Amino acid sequence: MTTATDASTDAPVSLALNRAGQDLLFRTARTANAFTGEPVTEAQIRAIHDLVRLGPTALNSQPLRLLLLRTPSARARLLPHLSGGNRDKTAVAPLTAVLAADTGFPERLPELFPHKPQAATWFGDPEYRENQARFNATLQAGYFLIGVRAAGLAAGPMTGFDAAAVDEEFFADGRWRTLLIVNIGRPTGQPTRERLPRLAYEDVVRSA
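Residues numbered from 1 in each chain as written. Predicted model: local features only at pLDDT ≥ 70, side-chain atom pairs only at ≥ 80, totals over all residues. Heavy atoms only, no water.

The next thing to look at is the overall build of the protein. Looking only at helices and strands, the protein has 8 helices and 6 strands in total. The C-alpha extent of the protein, read off along each of the three principal axes, is 50 × 45 × 35 Å. A buried classification covers 36% of the 208 residues belonging to the protein. Within the protein, contacts between residues at least 6 apart in sequence are counted, and of these 74% link residues at least 24 apart. A total accessible area of about 12300 Å² is found for the protein, and carbon and sulfur atoms account for 56% of it. (Helix = DSSP H or I, 4+ residues; strand = E, 2+ residues; numbered from the N terminus. Buried < 20%, exposed > 50% of the residue type's maximum accessible area, 1.4 Å probe, protein only. Contact = heavy atoms within 4.5 Å. Areas by Shrake-Rupley, 256 points an atom, 1.4 Å probe, with all protein chains shown as cover.)

A few words now on the side chain of Asp-102. Looking at where Asp-102 falls in the secondary structure, it is placed in strand S4 (residues 95–102). There is a polar contact of 2.6 Å between the side chain of Asp-102 and the side chain of Arg-175. Apart from residues lying up to four places away in sequence, Asp-102 is in contact with Pro-63, Arg-65, Ala-133, Arg-175 and Trp-176. (Polar contact = N/O pair within 3.5 Å; in protein donor to acceptor, adjacent residues only side chain to side chain.)

Quick look at the nonpolar core now. Judged by nonpolar contacts, the single largest core of 26 residues is most densely connected at Ile-48, Leu-99, Phe-144, Val-148, Val-182 and Ile-184. Taken together, the elements giving at least two residues each to this core come down to helix H2 (42–52), S4, helix H6 (126–150) and strand S6 (176–185). Counting residues per element, this core draws most heavily on H6, which supplies 6 residues. Ignoring any residue separated from it by four or fewer positions in sequence, one finds Phe-144 in contact with Ile-48, Val-52, Leu-66, Leu-99 and Ile-184. Of all hydrophobic cores here, the second largest spans 13 residues; its members include Leu-78, Phe-161, Val-166 and Phe-170. (Core = buried A, V, L, I, M, F, W, Y, C linked by side-chain atoms within 4.5 Å.)

Turning next to the layout of surface pockets. Of the volumes computed, that of the largest pocket is approximately 700 Å³. Every residue lining the largest pocket is counted, 24 residues in all, and those nearest its centre are Arg-30, Thr-31, Ala-32, Asn-33 and Pro-191. Of the residues contributing to the lining of the largest pocket, the split by class is 9 nonpolar, 8 polar and 7 charged. (1 Å grid on protein atoms, 1.4 Å probe; cavity = no way out; pocket = protein on both sides within 12 Å on 5 of 7 lines; lining within 4 Å. Points joined across faces, edges and corners; volume = space filled by probe spheres on them. Nonpolar A, V, L, I, M, F, W, Y, C, P; charged D, E, K, R; others polar.)

On inspection of all chains with the given rule, the structure shows 13 salt bridges. Salt-bridge contacts for Arg-27 lead to Asp-23; the nearest nitrogen and oxygen are separated by 3.4 Å. With a gap of 4 residues between them, Arg-27 and Asp-23 both fall in helix H1 (residues 19–27), about one helical turn apart. You can call Arg-27 partly exposed: its relative accessible area is 27%. Across the salt bridge formed by Asp-50 and Arg-53, the nearest N and O atoms sit 2.9 Å from each other. Taking the relative accessible area as the measure of exposure, Arg-53 reaches 42% and is therefore partly exposed. (Salt bridge = Lys/Arg side-chain N within 4 Å of Asp/Glu carboxyl O.)

By themselves, these observations are geometric and do not establish any function.
Here you go:
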């Protein structure tokens, strides 16, 4: 256990992760809108996945799926479905990932949750199944963004896109549902503006 200092209050905080690790994942990390030309390798993405797949999900369901858009032709299919402010930066990012929820996740539950072999039958209702897929895949999307930072890279997550159009373009069978689009790479220079305010502990925490 190491003792760090809260940058906003100078108050000591006990965290197991050392200060450098805290900074890498949170304090100095920023959402990126511009990247260097350095490519993001398959080995880097595999290492990120190998780490973040260990994050918890309900019933160990792991419904997050990633589509990596590496080729110019694949990127060109995505751009028309993005909001105007997201197109230019996505066109030149080293790597763009479409993060999606697999609504067919129950079929893997006998493998992933073997001590309850009947678990797949709990998701017969399509609306409930999709809600659970989206919820747990969104948890995993958060883990993925932190994993990108753990690899020394920066993430530029975006929600400004037509999800139905992206689904139709890339996931026509209807099984995967787009949640988030993320540009990934090494950021260029310093952030363009100061970090926006964060809520204080007293604003968000209650005890009962």
